[in-house]
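Results of the structural survey
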Amino acid sequence: MTDGAKVVEEVWVFGLLGNPVSHSLSPKMHRAAFEAMGIEAEYVAFPVVNLEQAVMGIRGLGIRGASVTIPFKEEIMSLLDEVDRIASLIGAVNTLVNDHGVLTGTNTDWLGLKRALESRISIRGKRIAILGAGGAARAAVYGVMAGRGEPILLNRTPQRAMRAAKDLGCGWAPWEGLGDLKAHILVNATPIGMFPKSHECPVEPELLSQFHLVVDMVYNPPRTRLLEEAEARGVGTMNGVEMLVQQGAEQIRIWTGMEPPVQIMRKAVMKALGEGDED
Ligand code: NAP
């Protein structure tokens, strides 16, 4: 750069690290947010072939932040300069911040789920059964505990539920024990029922009548078989859209320090799912 050259006003670049990423709704959601906020920014979905090189690329290209999704939420932790306390406890990073070359990993899934649940029901003192023991389930446990609820983990591989329960300080039960569990809310934090295997249901439908609310983290399709079976039994339901929007809104807040346009983000997601206004 010559002495007289001016620094060109920079465009912020953000990315999604995952594989596959082609079906992700995050680009549409985040681009809608940046546009509404008047922020000149790009958000690009990167189908990552080599995570270590991708992280080097973030440093080299000065990418300001990234969302991290399947299958890299755990693997990325060892490649960053810092991982904050909550993401370390959950054991998964879904948000990366590049602060002048220092890469920090954090997690917003827990807050996304907490806010989604609390938009419908008070979770304080409620027993909440969570299916799964991966990053999403562990984030759900943290979110429920932050809202003073009582999470119970149930997982196909019991050792994994046991391990997560020990790490996070919650209860666990065998996958087959759901029928004996007295719980207010059921949260599916497994991919069962996700497109294209939309006919699959993670639990025996007869067991759903005991719950006040059944929540599916899956959002594609928006009405999973699990939610249909719960609805058929008069049980309240919620899909994964609100969690997706709320975790994304928190990413925007972290990256920009500004209030995210949650309603616009929600509308962008609904539209992409064919559920929103056509305007
Ligand atoms: P993950 O780490 O791969 O964990 C998947 C979990 O599902 C594991 O506990 C696994 O059990 C269980 N599982 C998978 N297939 C199963 C089957 N056929 N029968 C019984 N259990 C099965 O995945 P993750 O990152 O936690 O994500 C889980 C789901 O949450 C995904 O569908 C993801 O898209 C969704 N999610 C949604 C949001 C949102 O914003 N809405 C955010 C995060 C995640 P084992 O331990 O026995 O293998």
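Rules behind the numbers
- Residues numbered from 1 in each chain as written.
- Predicted model: local features only at pLDDT ≥ 70, side-chain atom pairs only at ≥ 80, totals over all residues.
- Heavy atoms only, no water.
- Helix = DSSP H or I, 4+ residues; strand = E, 2+ residues; numbered from the N terminus.
- Rg over C-alpha atoms; globule rule 2.2 N^0.38 Å.
- Buried < 20%, exposed > 50% of the residue type's maximum accessible area, 1.4 Å probe, protein only.
- Areas by Shrake-Rupley, 256 points an atom, 1.4 Å probe, with all protein chains shown as cover.
- Lys, Arg positive; Asp, Glu negative; His and termini not counted.
- Charge placed at Lys NZ, Arg CZ, Asp CG, Glu CD.
- Near = heavy atom within 4 Å.
- Polar contact = N/O pair within 3.5 Å; in protein donor to acceptor, adjacent residues only side chain to side chain.
- Domains from an automatic or database assignment.
- Salt bridge = Lys/Arg side-chain N within 4 Å of Asp/Glu carboxyl O.
- Contact = heavy atoms within 4.5 Å.
- Pairing = 2+ DSSP bridges.
- Axes fitted to C-alpha atoms, helices over the stretch in contact; angles between N-to-C directions.
- Buried area = accessible area lost by both parts, 1.4 Å probe.
- Core = buried A, V, L, I, M, F, W, Y, C linked by side-chain atoms within 4.5 Å.

Quick look at the overall build of the protein now. In terms of regular secondary structure, the protein is built from nine helices and twelve strands. Whereas a compact globule of 279 residues would reach a radius of gyration of roughly 19 Å, the protein reaches 19 Å, a difference of no more than 12%. Dimensions of the protein, computed from C-alpha atoms along their principal axes, come out at roughly 75 × 45 × 35 Å. Going through the 279 residues of the protein one by one, you find that 51% of them count as buried. Put simply, the protein shows about 13,600 Å² of open surface, and 52% of that area lies on carbon and sulfur atoms. The centroid of the 28 positive side-chain charges in the protein is displaced by 5 Å from the centroid of its 33 negative side-chain charges.

Close contacts around the ligand come from 22 residues, with Ala133, Ala136, Asn155, Thr157 and Arg160 the closest. Backbone polar atom of glycine 135 to an oxygen atom of the ligand: 3.2 Å apart, as the coordinates give it. Separating a nitrogen atom of the ligand from a backbone N or O atom of glycine 240 is a distance of 3.1 Å. Within the residue set of the shell around the ligand, elements represented by two or more residues are helix 5 (135–146) and helix 8 (241–256). Built from parts of two domains, the shell around the ligand gets at least three residues from each of domain 1 (12–107 + 242–272) and domain 2 (110–239).

Right, let's get into the pattern of salt bridges. Evaluation of the coordinates by the stated rule reveals 15 salt bridges. Between glutamate 250 and arginine 115 there is a salt bridge, with the nearest N and O atoms lying 3.3 Å from each other. Of this pair, glutamate 250 sits in helix 8 while arginine 115 sits in helix 4 (residues 109–118); the two residues are 135 residues apart in sequence, bridging distant segments of the chain. Note that arginine 127 and glutamate 150 form a salt bridge whose closest N and O atoms lie 3.3 Å from each other. Of this pair, arginine 127 sits in strand 7 (residues 127–131) while glutamate 150 sits in strand 8 (residues 150–155), placing them 23 residues apart in sequence. Among the charged side chains, a salt-bridge network with shared partners connects Arg115, Glu250, Arg253 and Glu259.

Moving on to the environment of glycine 112. Residue position: glycine 112 is located in helix 4. The spatial distance from the C-alpha of glycine 112 to the C-alpha of glycine 143 is 8.1 Å, given a sequence separation of 31 residues. Excluding anything up to four places from it in sequence, glycine 112 contacts Met243, Gln246 and Gln247.

What follows covers the sheet that holds strand 6 (residues 102–106). Spatially, the six strands line up as an open sheet ordered 2-1-3-5-6-4, and their pairing is mixed. Because the sheet does not close on itself, it has two edges, and the strands there are strand 2 (41–47) and strand 4 (82–83). Where strand 4 meets strand 6, two bridges bridge the pair, whose relative direction is parallel. Bridge pairing in strand 6 places glutamate 82 opposite threonine 104. Against the sheet, helix 8 makes contact with strand 1 (12–18), strand 2, strand 3 (65–68), strand 5 (95–99) and strand 6, and its axis sits at roughly 10° relative to strand 5, the strand it touches most.

Another aspect to go through is the domain arrangement of the protein. In terms of domain boundaries, the protein breaks down into domain 1 (12–107 + 242–272) and domain 2 (110–239). Distance from the C-alpha centre of domain 1 to the C-alpha centre of domain 2: 24 Å. On the domain 2 side, the residues contacting the 15 residues of domain 1 number 16 residues. Taking both sides of the interface into account, the surface hidden between domain 1 and domain 2 amounts to around 1,500 Å²; carbon and sulfur atoms contribute 64%. Considering only the surface of domain 1 that becomes buried against domain 2, Leu89, Ile90 and Met243 emerge as the three largest contributors, covering 40% of it. For the pair domain 1 and domain 2, the number of links is one salt bridge. Connecting domain 1 to domain 2 are four residue pairs in polar contact (both at pLDDT 80 or more). Residue assignment for the side of domain 1 that touches domain 2 shows that the elements contributing at least two residues are helix 3 (85–90) and helix 8. Top element by residues in the side of domain 1 that touches domain 2 is helix 8. It accounts for seven residues.

Let's shift gears to the side chain of threonine 95. Residue placement: threonine 95 occurs in strand 5. Within the structure, threonine 95 has its side chain in polar contact with the side chain of glutamine 251 (distance 3.0 Å). Once residues within four sequence positions are removed from consideration, threonine 95 is found in contact with Ala66, Val68, Thr104, Gly105, Thr106, Thr108, Gln251 and Trp255.

Another point: the nonpolar core. Ranked by size, the top nonpolar core spans 25 residues in total, and within it Leu117, Ile128, Ile130, Leu153, Ile185 and Val187 carry the most contacts. Of all the elements in the fold, those that place two or more residues in this core are helix 4, strand 7, helix 5, helix 6 (158–168), strand 10 (185–188) and strand 11 (213–216). Of all hydrophobic cores here, the second largest spans 21 residues; its members include Leu16, Ala33, Leu244 and Ile252.

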